[in-house]
Amino acid sequence: MKPTSRPELFDFEGISMTHYFTDNWEKVKNFQARPDDILIATYPKAGTTWVSYILDLLYFGNDAPERQTSQPIYMRVPFLEACIQGVPSGTELADNLPTSPRLIKTHLPVQLVPKSFWEQNSRVVYVARNAKDNAVSYFHFDRMNMGEPEPGNWNTYLQKFMEGKKVFGPWFDHVNGWWEKKQTYSNLLYMFYEDLAEDTGREVERLCSFLGLSTSVEEREKITKGVQFDAMKQNKMTNYSTVPVMDFKISPFMRKGKVGDWKNHFTVAQNEQFDEVYKQKMKNTTVKFRTEI
Ligand code: A3P
């Protein structure tokens, strides 16, 4: 359903949120995970759809062809915390998934993830993307998605991004929180968008080994080809062209798919300021990002 106005940000358990992700909170919090569930967790715009599609093909690529030709990726991989009037909520979709395993997407910071995922020891694939490209991608997404708060101009946007005043909170805390979780929770694979862009085939192989899948080399090669940017951009089931709140005349969902596009957006001054903030906020973590490949 098309919203009539853009939502406001508010503080929810210390995180900036919009009502679309908190309206169903009791059900989200009490969501019953299963041991074979696979949670795909990301900060928005880090490559969620890319990894969702890879996992979907790895598990269900050879199932009934209708799955691939008539079910958009966001129906196959429900967005757990999403609650939008007129369409089934993420928890409802997940509860009704007929597949095993269930692939479930979330943008929640690690501390807000329903505890049943940890109790069930479900597998988690976290995807992180360097902060600069992530900010640029999020900016264009917020411009075209009427379900997001008004982004303002690029400079205002970047300031808010550095302050963590974006839906799902600060990028810094998100990637760091999940990185810390990985140190104690062994069923978590922490991936990078930049690695996927550098060598998708290698990352598909990593995923297979984490998930215990013995997918053949031929099958992996086929999947790797099918999930390249141009293929996904052409594919109506993965390019989000079926979502009415998104205005592709402003910017397409599958926008550029590059590492280093931030260089076309950041001024020298913005870059210097960002690097300073980054140094401060990332000083206590060992996670390392690449802003070019
Ligand atoms: P850009 O805006 O930089 O193009 P998410 O799925 O988490 O919302 O992330 C969307 C971002 O991932 C967009 O980035 C999109 O183009 C990029 N993306 C999606 N599929 C991709 C692919 N197959 N290869 C490269 N980038 C991809």
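What you see is a predicted model; the values in this text were computed from it and never measured.

A.B. asks: Explain the sheet that holds strand β4 (residues 103-106) to me, and be specific about the residues and the numbers.
C.D. replies: Read from one edge to the other, the open sheet built from 4 strands follows the order β4-β3-β5-β6, with strand pairing classed as parallel. Among the strands making up the open sheet, the edge pair consists of β4 and β6 (188-192). Each strand of the sheet is rotated relative to its neighbour by a mean of 20°, with strand direction disregarded. Relative to β6, strand β5 (residues 123-128) runs parallel, the two sharing 5 bridges. Directly across from Val125, in β6, lies its bridge partner Leu189. The sheet strands contacting helix α9 (residues 171-184) are β3 (38-42), β5 and β6, and the helix crosses β6 at an angle near 140°. Of the strands in this sheet, β3, β5 and β6 are in contact with helix α11 (residues 200-211), which crosses β6 at around 175°.

A.B. asks: Tell me about the pairing of β5, and name the residues and values.
C.D. replies: Of all 6 residues in β5, 6 are buried, a share of seventy percent or more. Relative to β5, β3 is paired through 5 bridges, and the arrangement is parallel. Bridged to Ile40 within β5 is Val125.

A.B. asks: Let's hear about the pattern of salt bridges: which residues, and what values?
C.D. replies: Opposite charge on two side chains allows them to pair when their charged atoms are near. Considering all chains together, one arrives at 16 salt bridges under this definition. With a closest N to O distance of 2.7 Å, Arg290 and Asp195 form a salt bridge. You can see Arg290 sitting in the segment after α14 (268-281) and its partner Asp195 sitting in helix α10 (residues 193-198), a full 95 residues away along the chain. Among the residues examined, Arg290 registers a relative accessible area of 32% and is labelled partly exposed.

A.B. asks: Just give me the short version of the site of the ligand, but keep the residues and values in it.
C.D. replies: Near the ligand lie 18 residues; those nearest to it are Thr48, Thr49, Ser137, Tyr193 and Lys256. Contacts to the ligand include Ala46, whose backbone N or O atom sits 3.2 Å from an oxygen atom. Isolated, the ligand exposes 560 Å² of accessible area, and the fraction of that covered by the protein chains is 97%. Broken down by element, the residue count for the shell around the ligand peaks at 3 residues, all from helix α2 (residues 48-60).

A.B. asks: Let's hear about the UniProt feature "domain: Sulfotransferase" (unreviewed entry) in the protein: which residues, and what values?
C.D. replies: Taking the UniProt record as the reference, the feature "domain: Sulfotransferase" (unreviewed entry) is found at residues 35-285. The span residues 35-285 shows a helical share of 47% and a strand share of 8%, and its end C-alpha atoms are spaced 30 Å apart.

A.B. asks: Break down the side chain of Thr200 for me, with residues and values.
C.D. replies: Along the chain, Thr200 falls in helix α11. Taking the relative accessible area as the measure of exposure, Thr200 reaches 6% and is therefore buried. A polar atom in the side chain of Thr200 sits 2.8 Å from the backbone oxygen of Leu196. Not counting residues up to four positions away in its chain, the partners in contact with Thr200 are Trp50, Asp195, Thr224, Val227 and Gln228.

Conventions and cut-offs
Residues numbered from 1 in each chain as written. Predicted model: local features only at pLDDT ≥ 70, side-chain atom pairs only at ≥ 80, totals over all residues. Heavy atoms only, no water. Pairing = 2+ DSSP bridges. Helix = DSSP H or I, 4+ residues; strand = E, 2+ residues; numbered from the N terminus. Axes fitted to C-alpha atoms, helices over the stretch in contact; angles between N-to-C directions. Contact = heavy atoms within 4.5 Å. Buried < 20%, exposed > 50% of the residue type's maximum accessible area, 1.4 Å probe, protein only. Salt bridge = Lys/Arg side-chain N within 4 Å of Asp/Glu carboxyl O. Near = heavy atom within 4 Å. Polar contact = N/O pair within 3.5 Å; in protein donor to acceptor, adjacent residues only side chain to side chain. Areas by Shrake-Rupley, 256 points an atom, 1.4 Å probe, with all protein chains shown as cover. UniProt positions renumbered as here; feature names shortened; annotations may be inferred.

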